[in-house]
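Topology and contacts: notes
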Amino acid sequence: MCPSSVNDSILDKLRDENIDFIPKNPYLKKAKELNNILFSINEIAQNFKTIFDNNNLPIVIEIGTYMGQTLIELAVSNPHINFIGIDIVFKRVVKTSEKIKNSNISNAKMVIGDGLKLLNIIPENSISGICVFFPDPWEKKHKKRLINERFFIKSNKLLKKNGFLWLKTDHKDYFESYKNLINYKTFISLKKLPNMLNEKEYPTYFETLF
């Protein structure tokens with residue numbers, strides 16, 4: 001995720017009743033109207049504990065949802081869990097939010113913005129899982145990688161006891177960097193899905209494609 005790739009305040013400005021303009025980008029207009037499914041990071045910060053119909057369920061976050069295939073599959077297959085997806089592109093989050101709305105899925109919500117910024121506003125010890133599937137490996141600029149020591153430190157603070165990180169990559173160098181970090185503090189490597197998730201395949205769009 002690149003912090004400079006999205007203006008986190010755009011959605012807040014669109015929903016400000018004092019701003020009277022119609023955005024040229026059709027996805028911005030749709031985003032404004034999806035106010036019970038699609039949230040800004042600021043809205044999540046203010047309403048994190050109340051965005052779901054059943055706010056007593058455990059929460060799992062997927063960073064980088066693309067068009068939402070995996071997020072929706074996770075939510076439908078695990079109705080005992082609330083899922084929050086985040087992406088930096090309005091087209092992606094709007095498309096995913098529309099799928100959630102049209103399918104009447106009550107345990108999935110979307111956020112527009114940067115994944116690290118979302119993690120920074122979530123209360124400590126409040127979520128049960130974080131999923132990151134095929135993040136950009138930044139082959140020439142490793143410092144921009146999402147999965148690094150800082151990410152593991154932050155995740156360790158946010159996750160409840162027995163919480164999980166589920167990471168996928170097809171990039172060998174990135175995978176090796178995972179292995180070097182996986183034992184950070186209380187993390188251990190598992191060879192199966194976390195127990196709280198129903199056992200099945202949860203392919204991403206690109207896994208299905210390739």
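The coordinates are above.
Described in the following lines is the structure provided in the data block. (Residues numbered from 1 in each chain as written. Predicted model: local features only at pLDDT ≥ 70, side-chain atom pairs only at ≥ 80, totals over all residues. Heavy atoms only, no water.)

Some thoughts on the pattern of salt bridges
We apply this condition: The salt bridge definition used is simple: a Lys or Arg side-chain nitrogen within 4 Å of an Asp or Glu carboxyl oxygen. To qualify as a helix, a DSSP run of H or I must reach at least 4 residues; to qualify as a strand, a run of E must reach at least 2; elements of each kind are numbered from the N terminus. Categorising residues by exposure relies on relative accessible area from a 1.4 Å probe, with only protein chains included: less than 20% of the type maximum marks a residue as buried, more than 50% marks it as exposed, and the intermediate range marks it as partly exposed.
In the structure shown here, the tally under the stated rule is five salt bridges. With a shortest N-O distance of 2.3 Å, Lys-200 and Glu-73 are connected by a salt bridge. Residue Lys-200 is located in the loop between α8 (172–181) and α9 (205–209), and its partner Glu-73 is located in helix α4 (residues 69–77); the two are separated by 127 residues in the primary sequence. Under the relative-accessibility criterion, Lys-200 is labelled partly exposed at 36%. Owing to a relative accessible area of 28%, Glu-73 belongs among the partly exposed residues under this scheme. When the shortest N-O distance is used, the salt bridge between Arg-92 and Asp-87 registers 3.1 Å. Given a relative accessible area of 3%, Asp-87 falls into the buried group.

Quick word on the side chain of Ser-40
Short version of the rule: Within 3.5 Å is the distance limit for a polar contact, defined as a pair of N or O atoms, with the added protein rule that one can donate a hydrogen and the other accept it, and that residues adjacent in sequence qualify only through two side-chain atoms.
One can find Ser-40 in strand β1 (residues 38–40). You can call Ser-40 buried: its relative accessible area is 0%. For Ser-40, the side chain forms a polar contact with the side chain of Asp-12, separated by 2.6 Å.

Points about α4
We apply this condition: Residues are treated as being in contact if the distance between any of their heavy atoms lies within 4.5 Å.
Within α4 the residues assigned to the buried category are Thr-70, Leu-71, Ile-72, Leu-74, Ala-75 and Ser-77. Where the residues of α4 are buried, they touch β2 (59–63), β3 (82–87), α5 (90–102), β4 (108–112), β5 (127–133) and β6 (159–168).

Some details on the packing of helix α2 (residues 26–33) against α5
For any two helices packed against each other, the geometry comes down to the angle between their axes and how far apart the axes lie. To keep it simple, the criterion reads: Note on method: axes are straight lines fitted to C-alpha atoms, helices fitted across the in-contact stretch only, with angles between N-to-C directions ranging 0 to 180 degrees. An angle below 35 degrees is treated as roughly parallel, one above 145 as roughly antiparallel, one from 65 to 115 as roughly perpendicular, and anything else as oblique. Take the far helix as the reference: if the near one is turned anticlockwise from it by less than a right angle, the crossing is left-handed, and if turned clockwise, right-handed. Just so you know the grouping, Ala, Val, Leu, Ile, Met, Phe, Trp, Tyr, Cys and Pro go in nonpolar, Asp, Glu, Lys and Arg go in charged, and all remaining residues, Gly too, go in polar.
In the contact formed by α2 and α5, the axes pass within 9 Å of each other and the chain directions differ by 45°. When the axis of α2 is compared with that of α5, the two are oblique. Seen from above, α2 lies across α5 with left-handed handedness. Together, Tyr-27, Leu-28, Lys-30 and Ala-31 of α2 and Phe-90, Lys-91, Val-94, Lys-95 and Glu-98 of α5 make up the contact between the two elements. Counted by class, the contact of α2 with α5 contains five nonpolar, no polar and four charged residues.

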